[in-house]
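Each chain is listed here by its residues.
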Amino acid sequence: AEYGGVVATIKRSPARLAEDSIRILSSKPDHEISLELENVVKHAEEFSYAQEFYKQEGVAMLLDIIKRTPIFESVNCAILAHSVQALCLVMEYMGTELWTKILDNMAIKKLAEIVKSREAREKVLGTQDKVRTNTMSSTLTRNSSIRDFDLQHNHNKSVVTDNEPPMAQYALAAIDSVVRFTDAGFDLISSLIKPCDVIMFITDTNIECAQYALALVNALFGKQENKQSFYHELLDWNIRVNIEKVIRIVRPEHMDLSHHISEFQHLLLGLHKEAAMKPVDTEQEEHMAMLDRVKIQALSEQNGSEWSGLGFTSDTADSATERVLDFQQCPPGLLALQCVNHFVQKHYDRHREMVLDQLSREKDRQCLS
């Protein structure tokens, strides 16, 4: 209609849009609902639609579609991808804690099946050969704002070339919420998914999946009773190599991915809490042996015993009491000494370079502890 030269258009209300979507999804056969699922994804960007869709039991319908749709056909993969994406977008507005109310064991098992499927991996990693290579050599979160992440990173490198999102990334996001908000969900997921199933998706070929996968790893890591054992299992699947690959392509706008990387580092530090809260003890032979190694390596680069020139508090390293002085505050306590000792032992050339740089400076420009 036109009023005073201004054309006014009448748009359907969110409630009506949600009603129409649910009617179409419930009335058409499965192989014809893919287009409407894409519409649900598009409309779910708005809170009012997501709220109406949830109120009208649209989420229950999405879950029913997910549970009954087999993975092993391309058309089904598209249906699953859009269904899980729509589910995540709607539930983000409704509150992640509600995942625990809407997901039953059958739905959780289906999401785990999606993550572990060959089809999901190929969507992210490419051909089966690429999947195998990534798994064996190096590869293997929940986004705090799935919507913002999708809008910002559509241009990122990805194996997917069509309109269909990799179904794994949204399945990972949903599973992450289940793990974080329920102990029962954590127990079930732990029995269904192994670290290798998730680490595979921490890859530089698809940064969205890398984010969701790392978040899920953190969620599982944080709830483990034996964190040390779980970490060794992660190491067996080269998680550090995979994260290093992702770090190389992280940009400032990847704030959520950066957060999950920091969260992982925090969990690693937690493994060493006991050492961080223990001061270095002159009566402990192991402690003093590490200190002696640091002293020998450091002072071998200079003619004298100028301990303070290396950033330590005391002027010399002649007595044990002087050498342990900088490792008494807790934290970091013993952990600080362990880190210095590791650096001296494993990265000698870099350590030597830093020592020589420090000693070449004027007194007032040297780094201090």
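Below you will find a few notes about this structure. (Residues numbered from 1 in each chain as written. Predicted model: local features only at pLDDT ≥ 70, side-chain atom pairs only at ≥ 80, totals over all residues. Heavy atoms only, no water.)

### A few points about the overall build of the protein chain
Helix and strand counts for the protein chain stand at 22 helices and 2 strands. Across the 369 residues of the protein chain, 48% fall into the buried class. When the accessible surface of the protein chain is summed, it comes to about 18,700 Å², and 51% of that surface belongs to carbon and sulfur atoms. (Helix = DSSP H or I, 4+ residues; strand = E, 2+ residues; numbered from the N terminus. Buried < 20%, exposed > 50% of the residue type's maximum accessible area, 1.4 Å probe, protein only. Areas by Shrake-Rupley, 256 points an atom, 1.4 Å probe, with all protein chains shown as cover.)

### Things to note about the environment of Met200
Tracing the backbone through its elements, the reader meets Met200 in the loop between α13 (195–199) and α14 (207–222). Owing to a relative accessible area of 2%, Met200 belongs among the buried residues under this scheme. Distance in space between the C-alpha atoms of Met200 and Ala210 is 8.8 Å, their sequence separation being 10 residues.

### Side note on helix α17 (residues 255–270)
With 16 residues, α17 extends 22 Å from end C-alpha to end C-alpha; this agrees with the ideal 22 Å at 1.5 Å per step. Inspection of α17 places Leu257, His260, Ile261, Phe264, Leu267 and Leu268 among the buried residues, and these make up the whole buried set. Here the buried residues of α17 occupy an arc of 115° about the axis, which is enough to place them on one side. Among the exposed residues of α17, those oriented more than 90 degrees off its buried face are Met255, His266 and Leu269. Those residues of α17 that are buried lie in contact with α14, α15 (227–236) and α16 (239–249). (Expected span 1.5 Å × (residues − 1). Arc of directions from axis to C-beta. Contact = heavy atoms within 4.5 Å.)

### Let's talk about unusual backbone geometry
Glycine aside, the phi torsion of most residues is negative, and most peptide linkages are trans. Residue Pro331 is bonded to the preceding Cys330 through a cis peptide linkage, with omega at -15°. Here Pro331 shows up in the loop between α20 (320–324) and α21 (333–346). Cis geometry is adopted by the peptide bond preceding Pro332, which originates at Pro331 and carries an omega value of 15°. Topologically, Pro332 is positioned in the loop between α20 and α21. The backbone phi angle of Glu57 is positive, close to 65°, even though this residue is not glycine. By the element assignment, Glu57 lies in the loop between α3 (47–55) and α4 (58–68). The phi torsion at Asn238 lies on the positive side, around 60°, for a residue other than glycine. In this fold, Asn238 is placed in the loop between α15 and α16.

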